[in-house]
Amino acid sequence: MNTILVGAQWGDEGKGKIIDVLTEEADIVVRSQGGNNAGHTVEVGREKFILHLIPSGILRRNKKCVIGNGVVIDPVSLVAEIEGLEKRGIKLAGRLFISETAHLVLPYHRRLDEAREHRKGTNKIGTTKRGIGPAYGDKAARTGLRLIDLAQPKVFSAKLRERIEENNAVIESLGGEPLSFPEVEQSYLEAGKKLRPYIINTVVWLHQQDEKKKRILFEGAQGTFLDIDFGTYPYVTSSNTTAGGASTGSGIPPHRMDRVVGVMKAYTTRVGEGPLPTECAEVSDMLHAMGREFGATTGRARRCGWFDAVATRYARMVNGIDELAITNLDGLDTLRQIQVCVAYECRGKRLLYPPNDAEELLHCRPIYRKFAGWNQPTCGVRHFKKLPVAAQKYLKALAALTGAKLRIVSVGAQRKQTFEA
Ligand code: IMP
Ligand code: MG
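Cut-offs applied
- Residues numbered from 1 in each chain as written.
- Chains lettered and ligands numbered in written order.
- Predicted model: local features only at pLDDT ≥ 70, side-chain atom pairs only at ≥ 80, totals over all residues.
- Heavy atoms only, no water.
- Axes fitted to C-alpha atoms, helices over the stretch in contact; angles between N-to-C directions.
- Helix = DSSP H or I, 4+ residues; strand = E, 2+ residues; numbered from the N terminus.
- Parallel < 35°, antiparallel > 145°, perpendicular 65-115°, else oblique.
- Left-handed = near helix turned anticlockwise from the far one by under 90°.
- Contact = heavy atoms within 4.5 Å.
- Nonpolar A, V, L, I, M, F, W, Y, C, P; charged D, E, K, R; others polar.
- Domains from an automatic or database assignment.
- Buried area = accessible area lost by both parts, 1.4 Å probe.
- Salt bridge = Lys/Arg side-chain N within 4 Å of Asp/Glu carboxyl O.
- Patch = residues over 30% accessible without salt bridge, like charges linked within 9 Å, V, L, I, M, F, W, Y side chains within 5 Å.
- Areas by Shrake-Rupley, 256 points an atom, 1.4 Å probe, with all protein chains shown as cover.
- Buried < 20%, exposed > 50% of the residue type's maximum accessible area, 1.4 Å probe, protein only.
- Near = heavy atom within 4 Å.
- Polar contact = N/O pair within 3.5 Å; in protein donor to acceptor, adjacent residues only side chain to side chain.

**Comments concerning the packing of helix α2 (residues 75-87) against helix α7 (residues 181-195)**
The interhelical angle for the contact between α2 and α7, taken along N-to-C directions, is 45°, at an axis separation of 9 Å. Taken together, the axis directions place α2 and α7 in an arrangement best described as oblique. Viewed along their axes, α2 and α7 form a crossing whose handedness is left-handed. Contacts between α2 and α7 pair Pro75, Val76, Leu78, Val79, Ile82 and Glu83 from the former with Ser187, Tyr188, Ala191, Lys194 and Leu195 from the latter. For the contact of α2 with α7, the residue count by class is eight nonpolar, one polar and two charged.

This is the structure:
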């Protein structure tokens with residue numbers, strides 16, 4: 001049984017936590033896209049872990065984890081993440097496998113990301129400034145460097161020198177600080193040495209595991225509406241965050257995938273710029289006052305709004321979502337009434353799917369259906385049937401409006417605050 005897990009909204013749906021739960025029934029967890037722009041939070045007992053590049057599955061003993069070819073890797077930050085986990089007693093040797101064809105995020109990618117955002121001014125994308133866009137840009141332009149290069153210091157240094165020269169010219173033209181080749185070279189070669197024991201041909205390894213009937217779980221990062229093809233372009237990230245990315249980012253073909261699990265919050269959030277039709281100050285203020293909805297990677301306050309079924313309906317379609325995990329139900333515990341967007345009204349037309357033009361999306365007005373709140377805490381609930389009836393109805397409605405089967409409900413950050421629907 002191979003499973004793909006994706007975010008059905010704008011990222012931060014609670015994928016890290018659901019992956020951690022689903023890892024119980026998997027042998028291998030694979031990241032196939034994105035980079036350290038991701039921030040997956042998992043709380044186990046009193047411990048809180050925030051993972052950026054390493055699959056959340058690493059927190060379960062005996063499970064193996066893969067960083068696939070579709071991921072972009074900042075080796076210095078990956079080494080820091082590995083060492084941080086080791087310090088906390090998590091053993092990685094023999095459990096973490098990194099693709100030799102994954103592309104590198106280099107310091108010039110970060111500088112370019114920052115400089116371009118700065119130049120865009122009010123039209124900025126609101127990126128995480130981790131260099132993700134420029135790194136994928138180099139990959140597509142065939143000017144990227146990969147881990148396989150880093151493993152051969154001479155080859156790496158020659159390519160790096162040439163890339164730094166070219167990128168310094170661009171950085172300077174954008175008003176940024178040029179980079180020093182020897183500094184970058186040294187820190188990257190050092191990180192490369194530390195990563196070497198983990199680097200393999202993950203495509204072949206994964207196929208061998210698949211043949212042995214090992215259960216593989218693909219951990220999506222970001223969310224459907226940040227997908228470079230299906231998201232609210234240009235306010236997106238630079239990878240395919242939808243189900244197809246699991247195949248291209250790992251080498252496991254589509255027909256080997258058995259099911260797709262979509263994760264969505266019981267409301268909507270987005271961090272960064274771009275349209276968000278159901279955005280609502282009242283919902284944002286309520287959640288922020290509860291100390292919720294601050295980014296795990298950048299600490300930015302997330303924009304919040306009502307659940308948008310137009311968005312999740314589209315997410316179900318492009319990902320082929322079979323089962324749903326609904327998280328953060330407890331965020332709505334204090335409300336007497338809850339709204340859900342069931343359609344958009346756009347220039348006099350009723351839309352059931354979002355328009356492709358981000359500009360057009362700005363003109364869409366949500367059509368809401370009202371639901372009764374339950375106005376009592378749900379964080380202590382451990383069985384679906386023990387939820388307040390209004391909460392059960394609300395969850396069933398979200399699944400029905402999205403068009404997939406409700407499988408998992410989460411009422412808090414803790415591993416144990418999760419149950420089957
Ligand atoms: P980038 O991926 O850093 O280029 O950022 C592009 C857009 O995606 C920005 O709006 C970011 O806030 C958003 N983004 C990137 N990664 C994540 C994530 O893991 N969760 C939520 N939003 C993200
Ligand atoms: Mg996150």
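Still to come is the rest of the account.
**Brief notes about the domain arrangement of the protein chain**
Interface size is commonly expressed as the accessible surface area that is lost when the partners come together. For the protein chain, the domain assignment lists domain 1 (3-100 + 198-260), domain 2 (103-195) and domain 3 (265-420). When each unit is reduced to the centre of its C-alpha atoms, the spacing between domain 1 and domain 2 is 23 Å. Each side of the interface is counted separately: domain 1 has 28 residues, and domain 2 has 23 residues. Three residues stand out in domain 1 for area buried against domain 2, namely Val72, Pro75 and Glu100, and they jointly supply 26% of the buried area on that side. Taken together, the links from domain 1 to domain 2 amount to two salt bridges.

**Section: a nonpolar patch on the surface**
Taken together, the side chains of Met317, Leu352 and Tyr353 present a nonpolar region at the surface, about 270 Å² in accessible area. Position of Met317 among the secondary structure elements: in helix α11 (residues 309-319). Look at Met317 and you get partly exposed, because its relative accessible area is 41%.

**Observations concerning the site of ligand 1**
If you check the shell around ligand 1, you find 16 residues, and the closest are Asn37, Thr128, Thr237, Val271 and Arg300. Within the side chain of Gln222, an N or O atom sits 3.3 Å from a nitrogen atom of ligand 1. The fraction of the free accessible surface of ligand 1 (470 Å²) that becomes covered by protein chains is 97%. For the shell around ligand 1, a count of residues per class yields six nonpolar, eight polar and two charged.

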